[in-house]
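Spelled out, the chains give:
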Amino acid sequence: MQHHPWQDTSLPAGTRAADLLARLTLEEKLAQLGSVWPGSESDPGEAAAAAEPGGAEGADVAPMQGQLTASTPAPDTVIAHGLGQLTRPFGTAPVDPLEKARALAGEQRRITGVSRFGIPALVHEECLTGFTAWRATVFPTPLAWGASFDPGLVEEAARLIGASMRDVGVHQGLSPVLDVLRDPRWGRTEESIGEDPYLVATIGTGYVRGLESAGIIATLKHFAGHAASRGARNHAPVSIGPRELADVILPPFEMALREGGARSVMSAYHDIDGVPASADGWLLTELLRDRWGFTGTVVSDYFAVSFLELTHRVADSPAEAAALALTAGIDVELPAQRCYGEPLLKAVRSGEFPEDVVDRSVLRVLTQKAELGLLDPGWSPVPPALEAEDPVVDLDPPHMRAVARKLAEESVVLLANPDGALPLAGTSRIAVVGPLADDPAPMLGCYTFPRHVGVQHPELPLGVAVPTLLESLRAELPGATVEHTSPAGASGADVCVVVAGDRSGLFGRGTSGEGCDAADLELPDAQGELIDEALATGTPVVLVLLTGRPYALGRWADRLAGCVQAFFPGEEGGGAVAGVLSGRVNPSGRLPVGVPRHPGGQPAPYLAPPLGQLGEASNIDPTPLYSFGHGLSYTEFTWGDAVAEHDTVPTDGGTTVRLTVTNTGDRAGTEVVQLYLHDPVARTTRPVHRLIGYARVPLEAGESAEVRFGFHTDLTAYTLAPGRRVVDPGAVELRLGPSLGSILRTVPLTLVGPARTAGDDRRMRTETAVTPLPADQHG
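The rules we used
Residues numbered from 1 in each chain as written. Predicted model: local features only at pLDDT ≥ 70, side-chain atom pairs only at ≥ 80, totals over all residues. Heavy atoms only, no water. Helix = DSSP H or I, 4+ residues; strand = E, 2+ residues; numbered from the N terminus. Rg over C-alpha atoms; globule rule 2.2 N^0.38 Å. Buried < 20%, exposed > 50% of the residue type's maximum accessible area, 1.4 Å probe, protein only. Contact = heavy atoms within 4.5 Å. Areas by Shrake-Rupley, 256 points an atom, 1.4 Å probe, with all protein chains shown as cover. Lys, Arg positive; Asp, Glu negative; His and termini not counted. Charge placed at Lys NZ, Arg CZ, Asp CG, Glu CD. Axes fitted to C-alpha atoms, helices over the stretch in contact; angles between N-to-C directions. Parallel < 35°, antiparallel > 145°, perpendicular 65-115°, else oblique. Left-handed = near helix turned anticlockwise from the far one by under 90°. Nonpolar A, V, L, I, M, F, W, Y, C, P; charged D, E, K, R; others polar. Core = buried A, V, L, I, M, F, W, Y, C linked by side-chain atoms within 4.5 Å. Pairing = 2+ DSSP bridges. Arc of directions from axis to C-beta. Right-handed = clockwise from strand over helix to strand, strands pointing away. Disulfide = S-S within 2.5 Å. Polar contact = N/O pair within 3.5 Å; in protein donor to acceptor, adjacent residues only side chain to side chain.

## A word on the overall build of the chain
Reasoning step 1: A count of helices and strands for the chain gives 21 helices and 28 strands.
Reasoning step 2: Compactness check: the chain gives a C-alpha radius of gyration of 26 Å against a globular reference of 28 Å for 779 residues, within 12% of the reference.
Reasoning step 3: With the C-alpha coordinates aligned to their principal axes, the bounding extent of the chain is approximately 75 × 70 × 55 Å.
Reasoning step 4: Here the chain, with 779 residues, has 62% of them falling under the buried criterion.
Reasoning step 5: Nonlocal contacts in the chain, meaning residues at least 24 apart in sequence, comprise 80% of its contacts between residues at least 6 apart.
Reasoning step 6: Per element, the accessible surface of the chain, about 26,800 Å² overall, is 50% carbon and sulfur.
Reasoning step 7: Each charge class in the chain was averaged separately, 60 positive and 96 negative side chains, and the resulting centres sit 3 Å apart.

Structure (structure tokens):
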């Protein structure tokens, strides 16, 4: 049998794709730029509204889904000439994983059967907190990843998530979210890794590495600036300047592409200064491809191409929307084909739109399919999970739960413990207060399957075991009396644990989640009054927060016996939080976003220059109650002096900073050493502090370790003008501490030599090393 060049696996993927492209008709080309979303067109009824108190009508999981699916061609029509992508076969409705893997294989046979060249579809799924499928492990939400300050563990979690997806026939994951949080009133705060670009970049790159190492295409979203919307409203316009875009918003994407190897990027819904991101050729082509060298695919956020016509109103038809998006650089229209199909076909046939722009995107899609092996002569639609004689698909195996548990445990933050009320005594009488205490919902973010889709099917079980905090606390402290009661019932207890937080949802169907933006940072649903009632009993109160965003806690700052924060910690979150309360887990989480003192104290001053801090020019104090990076432990750490190898550094050089950390307490624990840059004088206003490095330092009682930071002057670079990032000579300070609010050591440096431009090949990461010290070198 003769093989054509596109079938020759010894040739480069791009060469094979180009040969196949030349053989396709225009209809076949456009088919590769489209997608179908089986099951999305059916109405799941009003179960979501019935399942949740105050739930909104409808059950869309994407904005305007109901209206747009009604005007989208039927799947059979779309796949008549082949198909680019298949949207969420596992994540649209509860399906048995084994049965769905078999059904997906059958669907791929149908797609390749109608394609003249037998080209399979690329299958994508959501994977923000694990594979978003029924019965799949639910990991902590990305804000919890940030709280862990542990990119290696996040990478391991992503590798396992990717492997489980690949095993059942999925090729692409729509994660991670690399939006740097600018205002936690934004409903998607839970999806962000944090408010610092370095933390978002390093943790996010870890996730990308893990997903890509498993053979799954990682998709960076939302490119770019989606979390910087006016008033923290979903989809609202973004008003930022080119410096904020370059120095705060873009670095996580840049690192995830350069160091993580992400092969896809998702365009965003918003506009920046009047230009929709999904029609911005500078963003999607000049910057992303021409400057950064990206060669993968750009996919639209769901219905983002249609929104150019329907909400942005920069196009007057689906054809014009397609032309704008395709020209800007969006290769694939997701989740279904509305604009890139018949409307674009007619525009090309009539000469209104050039076919070579279509070819550009088709070549990228086919190249990616060649890289995945989808164009190989021996490709089979049968995924690895079905190759066994008696296949079993377990998406929630013990080893995945173990990693989910470890990540949850590392992400829990001990905010306050003024009098040592924590850990709880094993024989205490404990009153547990709050409706969320015995509810699995506050463990789960809006992109977990139970909250994203499962709420539409209240007749079905969650699919995975999600112990509540009440259940977990009883299991953790079998010798204690743990009673779920009203605040009045706390009066006879030794301690009262008040559990407050969020129930995630979509588009107003929750207190956190996509489209669930907050007017202020007051705890929702009158939970503040619940805390007040518990405090009024006189019983010491420990507040446990299970939330998707930080809430203002200044009202109780000096009245609580203890306070613990967890950000939607996943299916193992109950045990993780209970372990911190009992003392089995020594907390090591650190805040990825500051906790405000006042409900309206936004925007937060982190990354702000001096005029963004507390000052005499305004009566409003934006200083957070608990700063970025804050988190306490049940043990004590002492720090030696921080010393730099050189205190004078060339503007194109670097130095190594060393310090010793010792656990002087009586139990094992983990310190998180954080390195901040302070630039006292620059040619533009600069943040007072900016994170440029960190290291988790696990230590046994009495143990010491040396922490080394390999600092390079590229980390001082800032944008002087659009497209020009500079390193200036002069004085800078490296400041080290266990949090931004507790700087313990300062290392002054002088940068000497000429000012220089730091290009796109600059160093973006401070290399770190932690070395345990022999006993005779402790202290």
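## Some words on the packing of helix α19 (residues 469-476) against helix α21 (residues 573-582)
Reasoning step 1: Here α19 crosses α21 at 45°, and the two axes come no closer than 8 Å. The angle between the axes of α19 and α21 places the two elements in the oblique class. As α19 runs across α21, the sense of the crossing is right-handed. Listed contacts from α21 to Leu469, Ser472, Leu473 and Glu476 of α19 are Gly574, Gly575, Val577, Ala578, Gly579, Leu581 and Ser582.
Reasoning step 2: Here the residues of the contact of α19 with α21 sort into 5 nonpolar, 5 polar and 1 charged.

## Concerning unusual backbone geometry
Reasoning step 1: In the segment running from Ser175 into Pro176, the intervening peptide bond is cis, with an omega of 5°.
Reasoning step 2: Within the fold, Pro176 resides in the loop between β4 (172-173) and α9 (197-213).
Reasoning step 3: A cis amide bond links Lys221 to the next residue, His222, at an omega of 5°.
Reasoning step 4: Relative to the assigned elements, His222 resides in strand β5 (residues 217-223).
Reasoning step 5: A positive phi angle, near 60°, is found at Asp525, a position not held by glycine.
Reasoning step 6: Examined against the element boundaries, Asp525 turns out to sit in the loop between β13 (495-501) and α20 (527-536).
Reasoning step 7: For Ala526, which is not a glycine, the phi torsion comes out positive at approximately 60°.
Reasoning step 8: Its location among the elements puts Ala526 in the loop between β13 and α20.

## Description of the nonpolar core
Reasoning step 1: Core analysis: the biggest nonpolar cluster contains 163 residues, and Phe223, Tyr340 and Leu736 have the highest contact counts within it.
Reasoning step 2: When neighbours within four sequence positions are excluded, Tyr340 is seen to be in contact with Leu30, Leu33, Val305, Ala322, Ala325, Leu326, Ile330, Asp331, Val332 and Glu333.

## Structural notes on the sheet that holds β5
Reasoning step 1: Across the sheet, which stays open at both edges, the 7 strands sit in the order β1-β2-β3-β4-β5-β6-β9 with parallel pairing between neighbours. The two strands at the open ends of the sheet, each matched to only one other strand, are β1 (35-36) and β9 (297-299).
Reasoning step 2: Taken strand by strand, helix α11 (residues 251-258) contacts β5 and β6 (264-267), and its axis lies near 165° from that of β5.

## Concerning α19
Reasoning step 1: Here α19 has its buried residues at Leu469, Leu470, Ser472 and Leu473. End-on, the buried residues of α19 take up no more than an arc of 165°, which puts them together on one face.
Reasoning step 2: Looking at the buried side of α19, the elements it contacts are β11 (429-433), β12 (481-485), β13, β14 (541-547) and α21.

## Describing the packing of helix α10 (residues 242-249) against α11
Reasoning step 1: Put simply, α10 and α11 touch, their axes get as near as 6 Å, and they point 45° apart. For the element pair α10 / α11, the angle class is oblique. Here Leu245, Ala246, Asp247, Val248 and Ile249 of α10 lie close against α11, whose contacting residues are Pro251, Pro252 and Phe253.
Reasoning step 2: Its residues assigned to classes, the contact of α10 with α11 shows 7 nonpolar, no polar and 1 charged.

## Quick look at the pairing of strand β3 (residues 122-125)
Reasoning step 1: A two-sided burial pattern is seen for β3, the buried positions comprising Leu122 and His124 on one face and Val123 and Glu125 on the other.
Reasoning step 2: In the classification by handedness, the crossover that spans strand β2 (residues 85-87), the intervening helix α6 (residues 97-114) and the parallel β3 is right-handed.

## Some remarks on the sheet that holds strand β25 (residues 730-737)
Reasoning step 1: Spatial ordering of the open sheet is given by β18-β26-β25-β20-β21, a layout of 5 strands whose pairing is mixed. Of all strands in the sheet, those bounded by a partner on one side alone are β18 (648-650) and β21 (690-699). Put simply, the sheet's adjacent strands are angled 25° from each other on average, direction ignored.
Reasoning step 2: Where strand β20 (residues 669-678) and β21 come together, 9 bridges link them in antiparallel fashion. If you follow Gln674 over to β21, its bridge partner there is Tyr694.

## A word on the state of the cysteines
Reasoning step 1: Taken as a whole, this structure holds 0 disulfides when the rule is applied.
Reasoning step 2: In this structure Cys446 is a free cysteine whose sulfur lies 7.2 Å from that of Cys516, the closest cysteine sulfur available.
Reasoning step 3: With a relative accessible area of 0%, Cys446 lands in the buried category.

## Considerations on the environment of Gly39
Reasoning step 1: Looking at the element boundaries, Gly39 is found in the loop between β1 and α3 (47-51).
Reasoning step 2: Put simply, Gly39 and Val412 are 373 residues apart on the chain and 37 Å apart in space, counted from C-alpha to C-alpha.

## Section: the environment of Glu352
Reasoning step 1: Residue position: Glu352 is located in the loop between α15 (342-349) and α16 (355-371).
Reasoning step 2: Of the residues examined, Glu352 reaches a relative accessible area of 67% and is grouped as exposed.
Reasoning step 3: In this structure the C-alpha to C-alpha distance between Glu352 and Glu320, which are 32 residues apart in sequence, comes to 9.7 Å.
Reasoning step 4: Among the polar contacts listed, one links the side chain of Glu352 to the side chain of Ser350, at a separation of 3.2 Å.

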